[in-house]
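Residue strings, one per chain:
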Amino acid sequence: MPSSTTWFIFGITLIFLAATRCIADSKLRKSKYKNIIFVGPTGIGTVIGFFQLLLGIRDFIQEGYDQHYGKLFAIPTLFQMTIVVSGHDLIEDIRKASDDQLSLYGSIKEGMQTDYTMEPHILENPYHFRFIHLSLTRDLGGRFPELKEEVIAAFSELVPPTDSKEFILILRDFSSDKSRDWITFPAWLTGKLVVLRVVNRLFVGPPLCNNSDYNEINDAYSDALVKTALIIGFTPGFLKPIVSRLLDVYIPKTLRRAMKHVAPIVKERLAKEKLFGADWDGKSNDLLTWLIEKTPESDKLSVTTIKAITIRLLATMFAAYRPASMALTQALFDLATFPGYIPELRAEVESIVKEEGISKDSIGKMYKLDSFIKESLRLRAGGKASMPRKVLKDFTFSNGTTVFAGSTIIAPGYAIHHDARHYSNPADFDGFRFARLREEQDDPVRYQMVSVNPTFMMFGNGRHACPGRFLVSALLKTMLAHVLMTYDIKLEHNGRRPTDKWYTFSPAPNQTAGLLFRRRSAPSC
Ligand code: HEM
């Protein structure tokens, strides 16, 4: 229990921060931002606003979007200015801007406080991200058999039909009546473990991808990164070095644990290369190999190198698995919430699998399944803040409004996805919405999950649009096809969909709810 002195210091700190926020806000409104509409409380209300902003700025974004659609509006957060850009033309301006004007990496640097949470040079040259473009996406067809194999293996271990070692492990606190057919699994934990394992199959290969300690480390690293970045982000600039030093325990500890797994594999792969040459038989085609090849020859085994490789592995995994596992969990909740879709989805999957089996090409033909997952993404996933960009040079939008270097701009993805201008009955889950549009307009490309445009911002837009979306689409479709073919699924607690949990900008699936699975007697894929 914290002592009264601790509470006193905490209270004084909050009052100090609130006062700073008031002063900063009033300065900003009179400053060069005077031509931009401000959203959020004013005057004494800014003190209350400060606490609301601590909890998240999502309501202010929606309020601004509803009242000022097609314009820019500003939400002064604690120590910075977040400018929200709405309307097709202005979002197009962001898409066309150069990286030295509006920078994605600048916003990641700020959002994740990478100067304090990672080695700064890693984001200066994020070549690990290019692996997704240059290798993984281009060769997705070639990698598909591994992805499929791992999906099947992961589900059969993590959602097994009977009592088993892994079953006990994952259930932990989840009680289940094993005498019945239906078994309850923790949805979020299961979704995370399946995605971690499958993505790690493509990032580090077997056996590490099945190592539960390594997968847990990936999860712990992401958690530590988010929490540390949040605290440092709320800290005034001059205090950041001190606060980051005080917090300098969780990330390094997790990193050291991860390095213990990565180092022997790097050694083993280098030894084989020495023995059998650069293209040795059985050489893994994964992110780890790619990172080893990028490292200067003389330096491949140094601790610094292993550390840098491990950070890049964990950072890429952070970008990949968190949104993908949230999307999987939400889609499973939707499948269980709207069982009326199951027969038609099953019919589509079964007929295609019967003809062609499961491959990258065959899942490409499952457009009802694609539509169902895309609708789940539209309604539940993603953040209020798509296309985050740090303004590096003053930038003037096509409507004449200038944003100044130092501000952060975002597009309000969540509001766009819930806007009746773009989607009829936007609050309703309409699983075949995109399949119908595709049929009506005879356009097989525009409505598929991986297409990005100013009305579907889940994966951003423009040159930085998520390069992992092709993998995500293959991953989610293969997983849902497997679940449809292998299990019956339903919600616990009389069929009420578990409520989402909101973080600063983004919704996340409920993290404690369970899902019930029952093995089908029909053959699985
Ligand atoms: C449902 C899952 C996912 C969602 C919703 C998502 C969303 C996003 C968004 C919104 C961006 C920023 C785009 C922009 O600002 O224009 C982004 C960037 C990125 N994503 Fe994803 N992502 C997902 C999964 C993945 C996966 C599985 C990977 C890796 C395999 C990945 C790798 C990346 C990378 C490397 C970038 C940075 C792009 C660049 O450097 O230009 N993402 N993602």
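Each chain has its residues counted from 1, following the order in which its sequence is written. With pLDDT at 70 or above as the cut-off, local features in this predicted model cover only qualifying residues; side-chain atom pairs require 80 or more to be listed or tallied, and sums for whole chains, interfaces and linings still use all residues. No hydrogens and no water enter the side-chain calculation; it runs on all heavy atoms of the structure.

Draft legend 1. View of the overall build of the protein. Within the protein one finds 22 helices and 13 strands. Pairs of residues are marked as contacts when any of their non-hydrogen atoms sit within 4.5 Å. Counting contacts in the protein only where the partners sit at least 6 residues apart, residues at least 24 apart contribute 73% of the total. Each helix corresponds to a stretch of at least 4 residues labelled H or I by DSSP, and each strand to a stretch of at least 2 residues labelled E; elements are numbered beginning at the N terminus.

Draft legend 2. Quick peek at the site of the ligand. When we say a residue is near a molecule or strand, we mean one of its heavy atoms is within 4 Å of it. Surrounding the ligand, one finds 24 residues, the nearest of these being Tyr-105, Arg-389, Asn-461, His-464 and Cys-466. Polar contacts, as counted here, are pairs of nitrogen or oxygen atoms within 3.5 Å of one another; within protein the pair requires one atom able to donate a hydrogen and one able to accept it, and residues that are adjacent in sequence qualify only if both atoms are side-chain atoms. One nitrogen or oxygen atom from the side chain of Arg-389 is found 2.8 Å from an oxygen atom belonging to the ligand. One nitrogen or oxygen atom from the main chain of Asn-461 is found 3.2 Å from an oxygen atom belonging to the ligand. Those elements that provide at least two residues to the shell around the ligand are α5 (104-111), α8 (127-137), α16 (303-337), β6 (386-391) and α22 (469-486). For the shell around the ligand, the leading source of residues is α16, giving five residues.

Draft legend 3. Spatial organisation of the confidence of the model for the protein. Averaged over all residues, the pLDDT of the protein equals 86, while 84% of them reach at least 70. Here residues 163-179 scores under 50 on pLDDT; set against residues more than four positions off or in separate chains, the count is 29 contacts. Across the chain, each position has a pLDDT score giving the predictor's confidence in that residue, from 0 to 100.

Draft legend 4. Representation of the sheet that holds strand β4 (residues 102-103) in the model. Paired strands are those between which DSSP finds at least two bridges. In spatial order, the strands read β1-β2-β3-β9-β6-β4; together these six strands make up an open sheet with mixed pairing. Of all the strands in the sheet, just β1 (37-38) and β4 have a single pairing partner and so form its edges. Pairing of β4 with β6, which is carried by two bridges, proceeds in the antiparallel orientation. Within the sheet, the bridge partner assigned to Leu-102 lies in β6 and is Val-391. Along the sheet face, helix α3 (residues 58-68) touches β1, β2 (72-76), β3 (81-85) and β9 (408-411) and points at about 155 degrees away from the line of β2. With respect to the sheet, helix α4 (residues 88-96) is in contact with β2, β3, β4, β6 and β9, its orientation differing from that of β6 by roughly 60 degrees. Lines fitted to the C-alpha atoms define the axes, with helices restricted to the stretch that makes contact. Angles between their N-to-C directions range from 0 to 180 degrees.

Draft legend 5. Structural context of the packing of aromatic side chains. Pairs were defined over the aromatic rings of Phe, Tyr and Trp, the Trp ring being its six-membered one, requiring ring centres within 6.5 Å. Orientation was assigned from the angle between planes: stacked under 30 degrees, edge-to-face over 60, tilted for the rest. Following the criterion strictly, the structure yields 18 aromatic pairs and no others. Aromatic pair Tyr-65 and Tyr-69: ring centres 5.3 Å apart, planes at 80 degrees, arrangement edge-to-face. Three or more aromatic residues joined by ring pairs make a cluster, and in this case those are Phe-338, Tyr-341, Phe-372, Phe-429 and Phe-432. Placement of a charge over a ring requires the Lys NZ or Arg CZ to be within 6 Å of the ring centre, with the centre-to-atom vector within 35 degrees of the ring normal. Against the face of Tyr-127 rests Lys-294, its NZ or CZ located 5.6 Å from the ring centre. The ring of Phe-456 carries Lys-374 above its face, with NZ or CZ at 4.4 Å from the centroid.

Draft legend 6. Representation of helix α11 (residues 187-203) within the structure. Given the number of residues in a helix, its expected span is that number minus one, multiplied by 1.5 Å. Its 17 residues give α11 an end-to-end C-alpha distance of 24 Å, which sits within 8% of 24 Å, the value for a rise of 1.5 Å per residue. Note on classification: 1.4 Å probe, protein chains only; a residue is buried when its accessible area is under 20% of the maximum for its type, exposed when over 50%, partly exposed between these limits. With 15 of 17 residues buried, α11 lies mostly within the body of the structure. Positive phi appears at Gly-205, one or two residues downstream of α11, with a value of about 75 degrees.

Draft legend 7. Up close: the packing of helix α19 (residues 367-380) against helix α21 (residues 433-440). Close contact between α19 and α21 brings their axes to 6 Å; oriented N to C, the two are set at 125 degrees. Comparing the axis directions of α19 and α21 gives the class oblique. Facing Tyr-367, Lys-368, Ser-371, Lys-374, Glu-375 and Arg-378 of α19, the residues of α21 in contact are Arg-433, Phe-434, Ala-435, Arg-438 and Glu-439. Only Asp, Glu, Lys and Arg are considered charged, only Ala, Val, Leu, Ile, Met, Phe, Trp, Tyr, Cys and Pro nonpolar, and every remaining residue, Gly among them, polar. Here the contact of α19 with α21 is built from residues that sort into three nonpolar, one polar and seven charged. In this scheme, roughly parallel covers angles under 35 degrees and roughly antiparallel covers those over 145, while 65 to 115 is roughly perpendicular and the rest are oblique.

Draft legend 8. How the structure looks around the sheet that holds strand β10 (residues 487-491). What the three strands build is an open sheet, ordered β5-β13-β10; its pairing is antiparallel. Whereas interior strands pair on both sides, the edge strands pair on one side only; in this sheet they are β5 (183-186) and β10. Each strand of the sheet is rotated relative to its neighbour by a mean of 35 degrees, with strand direction disregarded. Bridge count for β10 against strand β13 (residues 514-519) is five bridges, and the pairing is antiparallel.

Draft legend 9. Up close: the coordination of the iron atom of the ligand. With water omitted from the atoms examined, metal sites may look incomplete; donors here are N, O and S atoms no farther than 2.8 Å from the metal, or 3.2 Å in the case of Na, K and Ca. Donation to the iron atom of the ligand from the protein comes from one atom only, Cys-466 (SG), at 2.3 Å. With respect to the helices and strands, Cys-466 occurs in the loop between α21 and α22.

Draft legend 10. The arrangement of unusual backbone geometry in detail. The linkage connecting Pro-206 with the following residue, Pro-207, adopts the cis geometry, with an omega of 0 degrees. Within the secondary structure, Pro-207 is located in the loop between α11 and α12 (212-233).

Draft legend 11. Spatial organisation of the packing of α12 against α16. For the pair α12 and α16, the least separation of the axes is 10 Å and the interaxial angle reads 80 degrees. On the basis of their axis angle, the class for α12 and α16 is roughly perpendicular. Residues Tyr-214, Asn-218, Asp-219, Tyr-221, Ser-222, Asp-223, Leu-225 and Val-226 of α12 form the contact with α16, whose own contacting residues are Ile-311, Leu-313, Leu-314, Ala-315, Met-317, Phe-318, Tyr-321 and Arg-322. Of the residues assigned to the contact of α12 with α16, the class counts are 11 nonpolar, two polar and three charged.

Draft legend 12. Main features of the environment of Ser-473. Within the fold, Ser-473 resides in helix α22. On the basis of relative accessibility, which here comes to 10%, the residue Ser-473 falls in the buried class. Expressed as a C-alpha distance, the spacing of Ser-473 and Val-450, which sit 23 residues apart in the sequence, is 6.8 Å.

Draft legend 13. Expanded view of the pattern of salt bridges. By convention in these notes, a salt bridge is any Lys or Arg side-chain nitrogen within 4 Å of a carboxyl oxygen on Asp or Glu. Under the definition given, this model contains 30 salt bridges. Its salt-bridge partner being Lys-393, residue Asp-100 comes within 3.3 Å of it at the nearest N-O pair. Placement of the pair is Asp-100 in the loop between α4 and β4 and Lys-393 in the loop between β6 and β7 (395-396), with a sequence separation of 293 residues. Across the salt bridge formed by Lys-192 and Asp-219, the nearest N and O atoms sit 2.9 Å from each other. On the criterion of sequence distance, the pair formed by Lys-192 in helix α11 and Asp-219 in helix α12 is long-range, its members being 27 residues apart. Each member of the pair Lys-192 and Asp-219 is classed as buried.

Draft legend 14. Region of interest: the side chain of Thr-408. Mapped onto the fold, Thr-408 is located in strand β9. A relative accessible area of 7% places Thr-408 in the buried class. At a separation of 2.8 Å, a polar atom in the side chain of Thr-408 contacts the side chain of Glu-110.

Draft legend 15. Spatial organisation of the environment of Phe-333. Following the sequence through the fold, Phe-333 ends up in helix α16. Separated by 157 residues in sequence, Phe-333 and Lys-490 have C-alpha atoms that sit 8.3 Å apart.

Draft legend 16. Molecular detail of the pairing of β9. Burial along β9 is two-sided: the residues Thr-408 and Ile-410 and Ile-409 and Ala-411 are all buried. Pairing analysis gives three bridges linking β3 to β9, with the strands arranged parallel. The residue of β9 that forms the bridge with Ile-83 is Ile-409. In terms of strand pairing, β6 meets β9 through three bridges, oriented antiparallel. The residue bridging Arg-389 from the neighbouring strand is Ile-409, located in β9.

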